[in-house]
Amino acid sequence: QAQLEESGGGVVQPGGSLRLSCAASGRIFSINNMGWYRQAPGKQRELVADITSGGSATYADSVKGRFTISRDNAKNTVYLQMNSLKPEDTAVYYCNADVRSYYRGTITKTWGQGTQVTVSS
C-alpha cells in the first residue's frame with residue numbers, strides 16, 4: 001500500500017510563512033486528488049486545499065489569497081505554501097491522497113500522520 005510522509009511544520013510568528021511537503025511512496029499506480037486538511041484542538045478536521053492531477057486547485061475561504069497548493073506528479077509530492085499566517089491557522093495539518101495502487105484497482109483515500117503548525121508571537 002501507499003504511505004504519505006509530511007514535513008515542514010513548525011512554529012512561526014504571525015505574518016510569517018511556512019511550506020509543507022508531502023511525499024507519497026510505496027505501491028502506487030496513480031494518484032488522483034491530493035490535498036491538505038487541518039484540525040485544531042476541539043474542532044473538526046477541515047479541508048484547507050486540494051488539487052487534481054491536472055493541477056486544478058480549490059481552497060477554503062479562510063486561506064484564499066494566503067495559501068498556495070501545488071504538486072509534482074513525477075515525485076508524487078504535494079506542497080502547501082502558507083503565507084501571512086495567523087494564529088487561527090494553528091492546527092495539525094494532514095496530507096491526503098486518493099491512491100490507486102494497482103491497474104484497475106480501487107482508489108484508497110490515504111492519510112499522512114500529520115504535522116503541527118503553530119502560529120504564535
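Just above sits the structure.
Residues numbered from 1 in each chain as written. Predicted model: local features only at pLDDT ≥ 70, side-chain atom pairs only at ≥ 80, totals over all residues. Heavy atoms only, no water.

**A closer look at the overall build of the protein**
Within the protein one finds zero helices and eleven strands. Start at the N end of the protein and walk to the C end: the helices and strands fall as β-β-β-β-β-β-β-β-β-β-β. Taking 2.2 N^0.38 as the reference for a compact globule, 121 residues should give roughly 14 Å; the C-alpha atoms of the protein span a radius of gyration of 14 Å, in line with that estimate. Based on the C-alpha atoms only, the size of the protein along its principal axes is roughly 50 × 25 × 25 Å. (Helix = DSSP H or I, 4+ residues; strand = E, 2+ residues; numbered from the N terminus. Rg over C-alpha atoms; globule rule 2.2 N^0.38 Å.)

**Some words on the environment of Asp98**
With respect to the helices and strands, the residue Asp98 is situated in strand 9 (residues 91–100). Every residue in contact with Asp98, bar those within four places of it in the chain, is listed here: Ser30, Ile31, Asn32, Asn33, Ile107, Thr108 and Lys109. Of note is the side chain of Asp98, whose polar atom sits 3.1 Å from the side chain of Lys109. (Contact = heavy atoms within 4.5 Å. Polar contact = N/O pair within 3.5 Å; in protein donor to acceptor, adjacent residues only side chain to side chain.)

**Observations regarding the sheet that holds strand 7 (residues 67–72)**
The strands that make up a sheet are held in pairs by hydrogen bonds between backbone atoms, and each pair lies either parallel or antiparallel. The four strands lie next to each other as 1-3-8-7, forming an open sheet whose pairing is antiparallel. Each edge of the sheet is formed by a strand with only one pairing partner; in this case those strands are strand 1 (2–7) and strand 7. Mean inter-strand twist for the sheet, computed between neighbouring axes without regard to direction, equals 15°. (Pairing = 2+ DSSP bridges. Axes fitted to C-alpha atoms, helices over the stretch in contact; angles between N-to-C directions.)

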